[in-house]
Structures are given as C-alpha cells and as structure tokens.
Amino acid sequence: MDIHADNKWQVKQNMDATSGSSDRCEAVTNQFGVLTLEERNANVPVNHSVQNPKSYGAISGSSSSASEVVNYLEDFAVDKSTHCRAQIRATFYPKFENEKTDQEIRTRMIEMVSKGLATLEVSLKHSGSLFMYAGHMGGAYAKNSFGNIFTAVGVFVLSRMFREAWGTMASKEEAEFNDFLEKNRMCVSMELVTAVLGDHGQRPLDDYVVVTAVTELGNGKPKFYSTSEIIAFCRTWRLPTNHVWLFSTRKSVTSFFAAFDALCEEGIATSVCRALDEVADISVPGSKDHVKVQGEILEGLVARIVSSGSARDMENVLRDHPPPTCDGANLALGLSLRETCAANRCNEEQQIRALLTSVGPSFCPSDLDWFGDDSVESHSKNADKSVVTKFLESQPADYTTSKLQEMVRLMKERRLPAAFKCYQNFHRANDVSPDNLFYKLVVHVHSDSGFRRYQKEMRNMPGLWPLYRGFFVDINLFKSNKGRDPMAVECIDKAVKDAGENCGQQGKDGLDDADANLMIKLKFLTYKLRTFLIRNGLSILFKEGPASYRAFYLRRMKIWGISDGKQKELCKMLDEWAAHIRKKCGNKQLSSSLYLSEAEPFLEQYAGRSPKNQGLIGSAGNLVRAEDFLALVDGDLDEEGDLVKKERSCAEGWGLIVFFPGIPGSAKSALCKELLNPPGGLGDDRPVHSLMGDLVKGKYWPKVADECRKKPQSIILADKNAPNEDVWRQIEDMCRRTRATAVPVVADSEGTESNPYSLDALAVFIFRVLQRVNHPGNLDKASSNAGYVILMFYHLYEGKNRKEFEGELIERFGSVVKIPLLRSDRSPLPVPVKSILEEGIDLFQLHSRRHGRLESAKGTYAVEWTKWENQLRNTLIANSEYLNSVQVPFESAVQQVREELKRIAKGEYKPPSSEKTKHGSITFAAINLPVTQVHSLLEKLAASNPTMRSFLEGKKKSIEEKLQRAHVTLSHKRSHGVAAVARYGQHLNREVPIQLTELIFNDNMAAFTAHVGSVDGETIVCKNEWPHVTLWTAEGVTAKEANTLPQLYADGKASRMVIDPPASVSGPLEFF
C-alpha cells in the first residue's frame, strides 16, 4: 500500500454516498491516504466497449415470472455476443499451507524479525466460526455457505454490536455502514462467538463478534487491510477488535515463543495476556475482553509475519484513533440472541425468521438469501455445471472476470477437490431477462490438499490469484449486441500480461511470497482437552468402550508432545470422566453440541479437589445453560473434525497382522508367498500364516479377526488390498480386541499431488495384471475390464498425497513398510503410456459421476470403455521393454521388506515422524553444564584440599549417581513468572561462560557458587538470589533446599571452600 500524507480515500465519483458515509470513509483511512478504487486500478484496462445490459424488469417476485429463470438458463446459448461479469462478493484470507515444520517456521520468523525484515504479529484465537458480511445487499456468509442459521445468527449479533456501541444513533449508523460497504464493495470478516451454535471449549458468557479481516473487492484483486487499518476501520465504526501484540526485535520475538512454550499446557486467557503484555513491543487490547465475554478458556494464538513498518503504523493509528465510547451499554436493546432463540424452538426456519425480524431493515431489508422465492428452487446440481460452463465459455467483460475465469478453469482442469455451487441471485430478480442472468457462485474447497496443489500452481503461474477461504462470487451472464470486440479482448490480454509481469516481483511489503504468508497456530492444552479429548472422543467412548477411548486420547497426547507428568494427570482425569459419563448416560451418547452441560460440572468438581487439578483444568464453573436456546440446525454443529487415530507398537506376546493398502498388481500375493517360505518366520518363534482374499469365501476381514482370536500370537499375512479408512478402522478394532499389532506394507512411489501412487506406478500395476494368467480373482489378461478395475482401486486413494497417506498410516499403526517398486534412475514415463492413463482417468471420472460404481460394460460409456481397454493393452505391449526395465528386481524387494518386518517384530523399528515438531512445556531457564567437567573439578579440589577430600569420603558414589545433570537455574516460572523465563529466549542454545568461585556444603547438601558471564557483550542476569550449581543432596532432601546454603553458612551450619582461581566452565542456555 502506498503511504502519502496528502492522499485521502474517497468514495468513487459515480456513486452517491451519503454525506455521513463519505465523511466516515475519509476518516477511516485518512491516516494512510489510500488511493481511490479507480486510482488503484488505473493501470488495469477494462472492456468499456461492453455495455452493462439493460434492466428489463422481466422477473419479479411473482411465481410465474420466477419460474421462467430456469428456462432462461436452459435456452441461454453461448455465442460471440455472450459476455460475463464476475465480482467477488465475500472472501476471507487466502489459505496457504505451510510446507515447513513448526520449528522451521519459528526459526524463519525469528530470523526475519532479528534482521529487521519483518515484524511478528500475534492475535488471540477466539473460539467461534467464520462470519462474513458484505452489506445488506451484498449478503451474509459463513465459511462455505449462506442463507442458513449460521448467517442469521451472525447478522443478529452484528446488529446487536451496533446497538451496544451507538445507542440511540444505532439505526442511522447501521444504514450508513451498510451503504458504505455496498458502495465501496467491501467485506468484513469476523469470528462469530456464540453459545447458540454448539459447544467449543467453553460456552461464552456473551454472544459477540470480533473483526478479523476487512477486504476491498473493487475491480481488481481483493485487498486485505493490515491490522492497523482494521483497527482504524473498527474504531471509526465502533466494531469489536481483537487483542493484538507486535514483536519487532529479536529479544521480544524469542521471548514470545518461550512464553507460549511455558504456558502451552496450562495457559488461560488471563495468564497468557499478562505474559504477552510483558514481553511484546506493542500491545493493543481488544475492545472485547476475552475473559469477560468468552471466559478463561483460550483456544490459542495466531502468529504471522507482517511488514517491518507495522509497529510504526500501529502507533500512528493508536494515536489518531482512540478507543470509541459505548453509548448503548446501559440501554434496553430488546431480546437477546439467546432469548430470541429460546422463544422460537419449533424449527430452524422459525428461528431464522425471528432473528431476521429482530435485526431490522438496515441489516436485513430482505430475507431472499435465506428463503428465496418459494416458486423456484434456488439451487440445483444441473445449474452448477451449466452456469460454470457458460461462465468459462463467455467473453470476460473486465479484468477481474478474466482472472476469476482463470482460477476456476485451472481448478477444474487440475481436478482439485472443490465444488462450484450455483444459486439464483434473487437480489437481481428484477434485472433478469432471457439475455441477462444473475447467479451466486460458491467455491467450496473440500480438503487442504486442494489448497496445497493450488499453491504449487501459483508458483508455476505467478499471475494467478490466490485461492481464498470463504469464496463467493456474483456472476452475470449477458448478451452484448456489439459481439466480439478485438480491442476489448486485446485490452484484457494486456491487463493479464501486465499483471503477470508485476507478479514476478516480491510479495507484500517487499517480502517473498513464502515469507509473506508465514503463519502458525498455537493452541492451549486447557482448550484441547475439552474439545479434542472430551468432545471428539464421545463417539469412541460410547461406541467402542473405555479401552478404545484411552487408546484414542493417549495417541492424541503423543502427537501433541505433551510432557510425561501432564500425561499422567490427564489420564487420571479422563479415565474418571469416562466412568462418570458412561454411568450417567448409559448407552445413550452425549450430544457433542451440548457436551459442556455434563463436562463443565465434572471439570469444576475435579478442579476443586487440589491446586494441581486446578492447573490441569485451567478454569471451570459458571456454566451457561444452552439447552433452552441452542439454535436448531440440520446436521452436526461440530466444526473441529479431529479424527480418532490409534497407534500400537509391536509388543512381546502379541500377534502381528501384515496388511496391504495397495492396488492390484503391487505383488502382494507373490510377496506373501515368499514370506512364508524361509524357516524361522520373521526372526522369532511366532508361526506365519497367510489368508488370500481371492480364496476366502464370505467377508474377508471378519475371517482375519477369527484367525487372530484362534492364533493370538501368530503372524497373519492379510493377502488382500486394504484401500480405505473403513478397512483400516476394522483392522484397528481387530488389534484392540485381539492384542495384535498391524503393519501396513505399501508399494513405494512418489505419488501425485492428490494420490499416493504415481502414474508410473499405475502403469506398472496394470502391466503386471495384464501379464497374469489363471488368477484366482479373475483379474488377469483375460479380463475384459482389467483397466477399469485397477482405476477403481486407484481412485479409492484419491485426495491424499504420498506424505499424507504414509503419515496417516504411521499415526494409526505406528509403522509403514515400503515395497521397492521403481528404479530411481529410470527415464520418464513414455508419452503414449501417460496419455492413455490420463484418458482412462478422465473416462473413469465421467463414468463414476454418472453411474457410481456400476460396471463399465453396463453404463453410458460402455463403447468408450471397450475402445480404451484395447488401446491400453496395445500401448503397454508396445512399451513392455520400458516397463520391465524400470522395476526393481523382485528378489531385492522381498529381501528389503523381510528385513523391515523382522525389525518391527523385534521392536527395533523407529517410524519416521509424520508430525510437525512439538514443543514441550517450559518450567525454567538454566545454563546446562557438562557433568564431566564438574566431576573433574571435584576430583581436582579433593586432591588439593584435605577438607574437600574429607567431605567427599563416603559420598563419591552417591554424588556420581545423583549428579547426572548439572545446571545453573536462571529463572523459574513459579518463582519469577512466565515473562522472566521467556526473556532468556533470545539467548537460547548460546554458550554462556560460568565461573565457579566457592563450594558451600554440610552433611545434607553441597553446591558451587556460580557467576554467570555474558553473551555478545550482554550480561546474563540470574533471577535467583544465589546463582549456584547443586552437586548433591542427602536422602530425603530436595534440590530446592540447596538455596538455603548461604544462610546456613552465615548461621554457622555449613562450611565454605573458596576456589582460587575460580574454575571456568561453560554450557548452553536451555529451557527445561
């Protein structure tokens, strides 16, 4: 953003804003002098020759005219006169998937701040759901939907915020605010926190929103406001702001991460905000105090890299925009959200109508987005495909449309996991005619893999716009009597070219894209134990029992890297919770939407037993009853789908199940046969048995379970493809019930962006199958549909790349063994082979969309399948020499798999980490000294000093046993506070010199007096009154009591021996 003191942001000249709105518009951004929307896009040519279509008024609210909309779309043919105009209506920040580990992200963040390249911004993560508002005509939106109870609640709460802030002026300000958003095409994104949409970590004490993003959606790429601009915007309109901290020095940023590590297992809102206030360079409290409106249970923090000038900008905003007053605090504002929902409990529609009626005309002049026109369906799957197709085929009327077409086209061509849902735009009903159609497009990305794959495309196409979270687009398809205009097309092409060239430069604020999007989410255990361990474990506890529930929560804690001590505390509490709730509810599962009705009283009484329990729970009590006002909604209100994952290690006396998440042709049967041959099995005495799926009558996996029960200490080779999570869950359940360990064996492959198996691997699998004869499962060269069957298996893995695939297997089963498949030095897959496989994949997707799992010979595309199967065989035969040459010799593959399985059977296997680096809770900061040097010093002192020698007599062995770690404690969070410990973060892992000047001792303990040196000229200040190294304590004496040695010496109850000259040692500064 350009900063010019004299520039002011103005409403566009062709829009008649009210005087109040115009003044407000100038006030919001006077600090920054933002260019007008026209100025900002002056270098982007627009197709002015394509006129806006006339408004014919053909569609009204009447049922007869509204029904014609469907026919209009069917009859709307794309030709040379067809144009489209697309505008983003609402969107949240782009979703960038960090490819680095958490530790790598932290390191890079610290490095950038230390070099003055950036500032670290940290904000509170309120526990709610995404809500976006684009004005009374622009609409209200949830993450991937609109026109439902979530958006009705959001509009109600936003209106309530205005009444609280503006009091008697609320109606006027609401009207100006909506007018301002509409005329400047802006969207405000918020965290919607409420007790009526289901339980998170704690039922909020009040219902509220906090603004998290403000976006300009003019005639170009969406522009997201910086945090300082958001605060200026919010303080002008009196909207709620979040608590934000800025860290612009190495000392502050390292202190922040250390403070989080010190609080990650016990932090609550009060302690976290206090600690961050102490270590941050700038702290901007939110207008909504988390403790007062949400409660003490804090979900987490969001840390992201922002420009190095952010601190200066924030100081300017805080100076020029003081916190606004709250004029409606003591006024009667009408029924609250909870009272409104409680009074309308018949159904969801009744609640929505009541909420919208309460809001009033400024925020909700029409309920069309919620209820549409009763005479016409607002959404149909046929419209999805037809509208998007016509949108992509039409000429773009402006630059924005061309870029949005580029995005949608690429997503469809790359088959990203996304849905494009199209709805009638009833707000434009009066403008509809046969040649002028209006729709709302919802872009819903189904999985994170879609964002990752899109990011990769962005690296290859620098001009490509980002893929946004919460992505809603208004589409207008219309006819222009001017036809195709060469000048207009050239104009747009030039805009795209210019944009592409400009995108080659660095990202925002001079940062590379990879750095500009660095972000990390940090969550607290006090929140996670409620949501992830209690709420998300309910189905397992009630359906599978306490043992499975225990396995579930132990796995979660291991993934999170919870400290051993805290794990023991949690296990005790969660086991008691499981027994309590099972006894109270019987076999009827507790609702996840209302789980806190039972969990909160339990946690409150558990916390009240001891201070230790209180620290574990964090905060409990003051339960808000939600049963009477919970919003009525179809489906599950849970937004945190943390799935159950279970890991086992191979234990002595347990059985072993070897299974194959693979595809036909991966050589599993041949491998099983080889594993049965050698004597001695897999290196132990357990017998090895194989069950071939093609020879087992009836359901296969129950047969495997029966074998495990009959032969509990045997090794079962499950010779059948196990391609999906349903099968994996059966195997997990089998392991729990029969005391067995499961080991997945998979063919090695690089995979694709959305499948763990590459096209190279797929080609080899099909080639092998077509060489087989007399296969027990009738899948061989004689099979007319062999290619289709293998493609069906291949698509069962769609949606996971190789890393995700192996990571999930490791999380579930603790290991993964790879069958070597392809030589690393092979040449690329021949073009004909690649092409025939891609044709087959396209045909399979067409077939499955229309017919599901119907056999290929029985569907609409039967002729195409027959032709493709023949071409596939001919192509593979023509390239048989290549396909044979690229495979790893089978004997070598068998040997490698056998060795890996032996290691697992013996318990020697260590799985690769499938998780990002974890950071355990910090208790104190200390300088870690080499124990060998301390022992050497003791021996040297004993040799030269009779007193010392006398003291060590009889204690040497005890000292050697106890002195396993020597350190100088600098600060302890219980004694000196979290911030005091965190401030040592800037010197973490730096070598610190220490001088040991004296030994103080008595019959119960002994310690060296330590003088701490400097790092880079800065003295490391010890917070302990007496810096020392504890050497030894007698039985029953705690190390903490060594702190009293100087006083004992002063009282004549201890001896002292001066070390002259002082002994010099050194060690790294570490957190413990």
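Note on numbering: residues in each chain are counted from 1, in written sequence order. Side-chain atom pairs in this predicted model are given and counted only at pLDDT of 80 or more, local residue features only at pLDDT of at least 70, and totals for whole chains, interfaces and linings cover all residues. With hydrogens and water stripped out, all remaining heavy atoms of the structure feed into the side-chain values.

Looking at an unreviewed UniProt entry, one finds the chain named tRNA ligase phosphodiesterase domain-containing protein and attributed to Brassica carinata.

Observations concerning the overall build of the chain
A run of DSSP states H or I qualifies as a helix once it reaches four residues; a run of E qualifies as a strand once it reaches two. Both are numbered from the N-terminal end. For the chain, the helix and strand inventory stands at 41 helices and 28 strands. Burial here depends on accessible area, computed with a 1.4 Å probe over protein chains only, as a share of the maximum for the residue type. Under 20% is buried, over 50% is exposed, and the range in between is partly exposed. The 1072 residues of the chain split such that 57% are buried. For the chain, contacts bridging at least 24 residues in sequence account for 80% of all contacts bridging at least 6. Only heavy atoms matter for contacts: two residues are in contact if any of them lie within 4.5 Å across the pair.

Some words on the packing of aromatic side chains
Two rings from Phe, Tyr or Trp (for Trp, the six-membered ring) form a pair when their centres are within 6.5 Å of each other. A pair whose planes differ by under 30 degrees is stacked, one over 60 is edge-to-face, and the rest are tilted. This model, assessed by the stated rule, comprises 37 aromatic pairs. Between tyrosine 757 and phenylalanine 765, the ring centres sit 5.8 Å apart and the planes meet at 70°, which makes this aromatic pair edge-to-face. Look at tyrosine 757 and you get buried, because its relative accessible area is 0%. The class of phenylalanine 765 is buried, set by a relative accessible area of 0%.

Quick notes on empty space enclosed by the protein
Site definitions follow a grid-based scheme: protein atoms alone, a 1 Å grid, a 1.4 Å probe that fits but cannot get out for cavities, and for pockets an open set with protein on both sides within 12 Å along at least five of seven lines, plus lining residues having an atom within 4 Å of a point. Grid points are joined across faces, edges and corners, and a volume is the space filled by probe spheres set on the points. Taken as a whole and assessed by the stated rule, the structure comprises six cavities of 30 Å³ or more. One number sums up the size of the largest cavity: a volume of about 80 Å³. Considering the residues around the largest cavity, the lining is formed by 13 residues, among which His136, Gly139, Phe363, Asp369 and Trp370 are closest to the centre. Among the residues forming the lining of the largest cavity, the class breakdown is seven nonpolar, five polar and one charged. Throughout, the ten residues Ala, Val, Leu, Ile, Met, Phe, Trp, Tyr, Cys and Pro are labelled nonpolar, Asp, Glu, Lys and Arg are labelled charged, and all others, Gly among them, are labelled polar.

Here we look at unusual backbone geometry
Each neighbour pair has its own omega, and for aspartate 1060 with proline 1061 the value is 0°, a cis peptide bond. For proline 1061, the position within the fold is in strand β28 (residues 1055-1071). Positive phi outside glycine occurs at alanine 667, with the angle close to 75°. In this fold, alanine 667 is placed in the loop between β16 (655-660) and α26 (668-676). Residue asparagine 774 is not a glycine yet carries a positive backbone phi of 55°. You can see asparagine 774 is positioned in the loop between α29 (759-769) and α30 (786-795).

What to know about the packing of helix α5 (residues 149-166) against helix α6 (residues 170-183)
Every axis in this analysis is a line fitted to C-alpha atoms, fitted for helices over the stretch in contact. Angles between the N-to-C directions lie between 0 and 180 degrees. The interhelical angle for the contact between α5 and α6, taken along N-to-C directions, is 130°, at an axis separation of 9 Å. Relative to α6, α5 is oriented oblique. The element α5 and its partner α6 pack so that their crossing is right-handed. When α5 is examined against α6, the residues Ser159, Phe162, Arg163 and Trp166 are found in contact with a partner set consisting of Ala170, Glu173, Glu174 and Phe177. The residue inventory of the contact of α5 with α6, partitioned by class, reads four nonpolar, one polar and three charged. When describing relative orientation, an angle under 35 degrees is termed roughly parallel and one over 145 degrees roughly antiparallel, while 65 to 115 degrees is termed roughly perpendicular and anything else oblique. Throughout, a crossing is termed right-handed when the near helix is turned clockwise from the far one, and left-handed when it is turned anticlockwise from it by less than a right angle.

Observations regarding the pattern of salt bridges
Within this document, salt bridges are pairs made up of a side-chain nitrogen of Lys or Arg and a carboxyl oxygen of Asp or Glu, the two lying within 4 Å of each other. Counting across every chain of the model gives 46 salt bridges. Salt-bridge contacts for aspartate 207 lead to arginine 338; the nearest nitrogen and oxygen are separated by 2.8 Å. Of the two residues, aspartate 207 sits in the loop between β5 (186-193) and β6 (208-216) while arginine 338 sits in helix α12 (residues 337-342), which places them 131 residues apart along the sequence. Across this residue pair, the class does not change: aspartate 207 and arginine 338 are buried. Three or more residues are tied together by salt bridges with common partners; here these are Arg89, Glu182, Lys440 and Asp474.

Things to note about the pairing of strand β2 (residues 118-125)
With seven of its eight residues buried, β2 lies for the most part within the structure. What makes two strands pair is DSSP finding at least two bridges between them. Relative to strand β10 (residues 300-307), β2 runs antiparallel, the two being bridged by eight bridges. Following the sheet pairing, threonine 119 is matched in β10 by valine 306. Note: β2 against strand β8 (residues 244-247), four bridges, orientation antiparallel. The partner of glutamate 121 across the bridge, within β8, is leucine 246.

Some thoughts on the pairing of strand β19 (residues 740-747)
Of all eight residues that make up β19, eight are buried, and the element is covered over most of its length. Both faces of β19 are covered, namely the face carrying Ala740, Ala742, Pro744 and Val746 and the face carrying Thr741, Val743, Val745 and Ala747. Relative to β19, β16 runs parallel, the two being bridged by five bridges. Bridged to leucine 656 within β19 is threonine 741.

Things to note about the sheet that holds strand β11 (residues 395-396)
In spatial order, the strands read β11-β1-β14-β13-β12; together these five strands make up an open sheet with mixed pairing. The sheet terminates laterally at β11 and β12 (418-424), the two strands that pair on one side only. With nine bridges connecting them, strand β1 (residues 82-91) and strand β14 (residues 471-479) associate as antiparallel partners. Following the sheet pairing, arginine 85 is matched in β14 by asparagine 476. The strands that helix α16 (residues 399-413) touches are β1, β11, β12, β13 (436-445) and β14; relative to β1, the one it contacts most, it runs at about 85°.

Structural notes on the nonpolar core
By nonpolar core we mean a set of buried residues, namely Ala, Val, Leu, Ile, Met, Phe, Trp, Tyr and Cys, connected to one another through side-chain atoms within 4.5 Å. Counting 101 residues, the largest nonpolar core has Tyr133, Phe177 and Phe233 as its most contacted members. Among the elements that line this core, the one with the most residues is α5, at twelve residues.

Let's talk about the environment of arginine 556
Counting through the fold element by element, arginine 556 comes out in helix α22 (residues 546-560). Judged by its relative accessible area of 6%, arginine 556 falls in the buried class. It is 7.6 Å that separates the C-alpha atoms of arginine 556 and leucine 533, two residues lying 23 residues apart in sequence.

Focus: α30
The periodicity of an α-helix, 3.6 residues per turn, causes residues three or four places apart in sequence to face the same way. Burial runs high along α30: ten of the ten residues are buried. Those residues of α30 lying buried are Ala786, Gly787, Tyr788, Val789, Ile790, Leu791, Met792, Phe793, Tyr794 and His795. Along its buried surface, α30 packs onto β18 (715-721), α29, α32 (831-851) and α33 (862-878).

A short note on a positive patch on the surface
On the surface, a cluster of positive charge is made up of Lys385, Lys412, Arg849 and Arg850. Along the chain, the position of arginine 849 falls in helix α32. Each patch is built from residues that are more than 30% exposed by relative accessible area and take part in no salt bridge. Like charges join if they lie within 9 Å; nonpolar side chains (Val, Leu, Ile, Met, Phe, Trp, Tyr) join within 5 Å. The accessible surface values rely on the Shrake-Rupley method and a 1.4 Å probe; as for residues, cover is taken only from the protein chains in view. When charges are counted, Lys and Arg contribute as positive and Asp and Glu as negative, whereas His and the chain ends are disregarded. The atom standing in for a charge is NZ when the residue is Lys, CZ when it is Arg, CG when it is Asp and CD when it is Glu.

Some words on the side chain of threonine 400
With respect to the secondary-structure elements, threonine 400 resides in helix α16. Setting aside residues no more than four positions away along its own chain, threonine 400 makes contact with Ala86, Gly218, Asn219, Gly220 and Trp465.

Section: the sheet that holds β5
If you trace the five strands from one edge of the open sheet to the other, you get β4-β3-β5-β6-β7, paired in antiparallel fashion. In this open sheet, the two edge strands, each paired with only one partner strand, are β4 (140-141) and β7 (223-224). Here eight bridges tie β5 to β6, and the two strands are oriented antiparallel to one another. Counterpart to methionine 186 in the pairing with β6 is glutamate 216. Contacts between α5 and the sheet are confined to β3 (129-133), β4, β5 and β6, with β3 contributing the most and set at about 70° to the helix.

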